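Now for the letters of each chain:
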Amino acid sequence: MKNLNTPSLHNGVGVRRRRNTLLEILCREMAARGQAADLERMVLRKGQYLYRQGDPIDAVYVVTRGRLQAVTSGADGKEAIAGEYAVGEPVGESQVLAAEQRYASVRAVCASELVKVPKPIFERLAAQSPKVVSHIAVISRRHSRREQLASIQARFFGGALDRVGLRELEAQVRWVHLKRGEILFRQGSADDDLCIVIKGRLLAVFEEEDGSQKIIGEIAPGETVGEMAILTTEPRSATVYALRDSVLARFTKKTVDHFIAKYPQVMTYVSRTVVSRLHKSIRAEPVTRTVTSVAIVPASADVPLTHFASRLTLALSGLVSTLHLSSERLDRLIGIPGIAQTAEDDPYNIRLRAGIDEQEARHRFIVYEADPNVTPWTKRCIRHADQILIVAWAARNPRPGKLERTLTDRAATITAPLQSLVLLHPDGSCLPCGSREWLSVRNIQNHHHLRWDTEADFCRLARFLSGRAIGLVLSGGGARGFAHLGVIRALREAGLPIDMLGGTSMGALIAAQAAMGWDDETMLEINRKSFLETNPVRDYTLPTFSIIKSRKLEHLLKLAHGDVQIEDLWLNYFCISSNLSTAETVLHRTGPVWKAIRASIAIPGMLEPVVEGKDLLVDGSILNNLPGDVMRRLCGG
């Protein structure tokens, strides 16, 4: 090893094959700033490792002679080629910007020489010089694509590609970059290319003749899209959208056929993908949107957003690996004040993007805390979000503020992030009210009431976001439905949380009482008085429409539930009734609780039907006595 000072390198010693290499640019920038530093020259023998996967990052290296190779080791110990570095190229430049450990090992393919640039010097220059950052961006993009191709060959070729095969693959690939909402394929188009998702996520949608859209499924990183066209040469069976900003490797059918002939294992992988998706369609599994990141947006300036995000992150961390990112936290994480506010077209965006990508790869869930106003960081939070949480104090003005309107007032498209409303309450001393005013002016998929003094409510929200919410569905059954009281009591005593309730007929009645937050003794006492002491079913009349008048029952329901609306219950709730006019089930998620229950328990011939416009609503058990399918769709757990 030999030390070289900056001026000598700037004069060209050690870099004889190329001009304007990163090393030369570094030296010029250091000289221009009067930063004297010793750069260390290193010599590697053939097969000698520069560093190994998992080593701490302490420097960036520039190849001045020879060639190096990056390899990754899988869980089975097998190595896969991740890329190569030629003369004049930096080694480990993207990792030193964002990562804490080396994600690949690097060794010399032949006798090689390098110059070592210590991490502090490199970081200081990267922070001060846009020229250095721009040059790094170009090289990092090239390296990143090679590494991405290496990940493809490890998955599709079983690591069988050698250096020549990788170069052949690189020559045939066409890189596709999609922004959220952009279309990759259109249903009915005749192209037959195969794409592999490298980064981001796609959504496959079937478009009906009436213009409606049906979600078929999501395509995650490492999965293929378009394989059916390769096998059948038929037109595209669905339209494919980008759910997140995505990067794909695209290959023509001719290229795929060539590699299948040369590497039969490619066909094995493609066939397994087709069969797996076919099995899902046969089982008719409900498609739910994957949520791995959530952006938290305040509805007003007095929302304690940082405290809320911290408590939510703590609750999520008990379920999955979770990271809370705000602009200040990200600045500290990367080590550059203000970098979180970097715009998309800024040269330093490469460092910010690399830092976020690193954290998303390391954590199952990211909580993005937006700024209290519209900033580059706030816009980035929305762009990265699978779901937006609008957080508000329930007692405040329900009209959307300027920040919320700027970020969420967009056309409701199938690829737009889901939106949920979180209404905060100081405590649980009284039932929520006025939720309809909040919901009527927003395009909200779900809403949640959270008591600020109750940690269990934050845990409930965490289960909804992570897809682990627990829903309880209670069936109809007349007097036997009182057994539901014992079921709820047993679940509570066992410490099993109930996040959402739904039911039909008698199950709708009991579920609503639990959703209102009544304890076991209250539920038991009210039902005893209502059905044993009063007995509303002994209110007979001439059997024109029914045997029982129903006025006594309606009075008891109003007495027990008052003017409480379904959307104002502490727990999310629904019930089912049957529409005699259309022979369809009716889902009740809004409106007076008493009226929804009244429709759900209206046994035909025994109780009068509920008139809703031109429709007659009767007992939900006629069409769906145990609506577990509805709960699965709404709860997502």
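Structure: above.
First, a word on what this report is: a plain description of the structure on this page. As the structure is a computational prediction, the values presented were derived from the model and not from experiment.

Moving on, we get to a nonpolar patch on the surface. Together, Leu580, Val611 and Leu616 give the surface a local cluster of nonpolar side chains, amounting to about 260 Å² of exposed area. Locating leucine 616 in the fold gives a position in strand 29 (residues 615-619). Under the relative-accessibility criterion, leucine 616 is labelled partly exposed at 33%.

Neighbouring strands of a sheet are bound in pairs by backbone hydrogen bonds; such pairs are parallel or else antiparallel. Strands sit in the order 10-17-12-15 across an open sheet of four strands; the sheet is antiparallel. The open sheet has two edge strands with one neighbour each: strand 10 (174-178) and strand 15 (224-225). Pairing of strand 12 (residues 194-199) with strand 15, which is carried by two bridges, proceeds in the antiparallel orientation. Directly across from isoleucine 196, in strand 15, lies its bridge partner threonine 224.

For strand 21 (residues 387-393), the buried fraction is high: seven of the seven residues fall into the buried class. Residues of strand 21 alternate between two faces, with Gln387, Leu389, Val391 and Trp393 on one and Ile388, Ile390 and Ala392 on the opposite face, all of them buried. Judged from the seven bridges that link them, strand 21 and strand 22 (residues 418-425) form a sheet pairing that is parallel. Within strand 22, the residue paired with leucine 389 across the bridge is serine 420.

The next thing to look at is the nonpolar core. Residues Leu501, Tyr573 and Ile597 are the most contacted members of the largest nonpolar core, which totals 34 residues. Every element with two or more residues in this core is listed here: strand 24 (471-474), helix 17 (483-493), helix 18 (506-515), helix 20 (551-561), strand 26 (572-579) and helix 21 (593-600). With eight residues, the single largest contributor to this core is helix 18. Once residues lying within four places of it in the same chain are set aside, the contact partners of leucine 501 are Leu472, Ala511, Ala514, Ala515, Leu571, Asn572, Tyr573, Phe574 and Met631. Counting 29 residues, the second-largest nonpolar core is a separate cluster that includes Val297, Tyr368, Ala392 and Ile444.

Another point: the environment of alanine 511. Turning to its location among the elements, alanine 511 is positioned in helix 18. Along the sequence, alanine 511 and tyrosine 573 sit 62 residues apart, while their C-alpha atoms lie 7.6 Å from each other. Alanine 511 has contacts with Leu474, Leu501, Gly502 and Tyr573, leaving out every residue within four places of it along the chain.

In this section: helix 10 (residues 305-317). Between its terminal C-alpha atoms helix 10 stretches 18 Å, which fits the 18 Å expected from 13 residues at 1.5 Å a residue. For helix 10, the set of buried residues is Leu305, Phe308, Ala309, Arg311, Leu312, Thr313, Ala315 and Leu316.

Another aspect to go through is unusual backbone geometry. Even without being a glycine, serine 505 presents a positive backbone phi close to 55°. Residue serine 505 is classed as buried on the basis of its relative accessible area, which comes to 7%. Non-glycine residue alanine 583 carries a positive phi angle of around 60°. Along the chain, the position of alanine 583 falls in the loop between strand 26 and strand 27 (584-588). For alanine 583, a relative accessible area of 60% puts it in the exposed group.

Conventions we followed
Residues numbered from 1 in each chain as written. Predicted model: local features only at pLDDT ≥ 70, side-chain atom pairs only at ≥ 80, totals over all residues. Heavy atoms only, no water. Patch = residues over 30% accessible without salt bridge, like charges linked within 9 Å, V, L, I, M, F, W, Y side chains within 5 Å. Areas by Shrake-Rupley, 256 points an atom, 1.4 Å probe, with all protein chains shown as cover. Salt bridge = Lys/Arg side-chain N within 4 Å of Asp/Glu carboxyl O. Helix = DSSP H or I, 4+ residues; strand = E, 2+ residues; numbered from the N terminus. Buried < 20%, exposed > 50% of the residue type's maximum accessible area, 1.4 Å probe, protein only. Pairing = 2+ DSSP bridges. Core = buried A, V, L, I, M, F, W, Y, C linked by side-chain atoms within 4.5 Å. Contact = heavy atoms within 4.5 Å. Expected span 1.5 Å × (residues − 1).

Interpretation in functional terms is not warranted from these geometric data alone.
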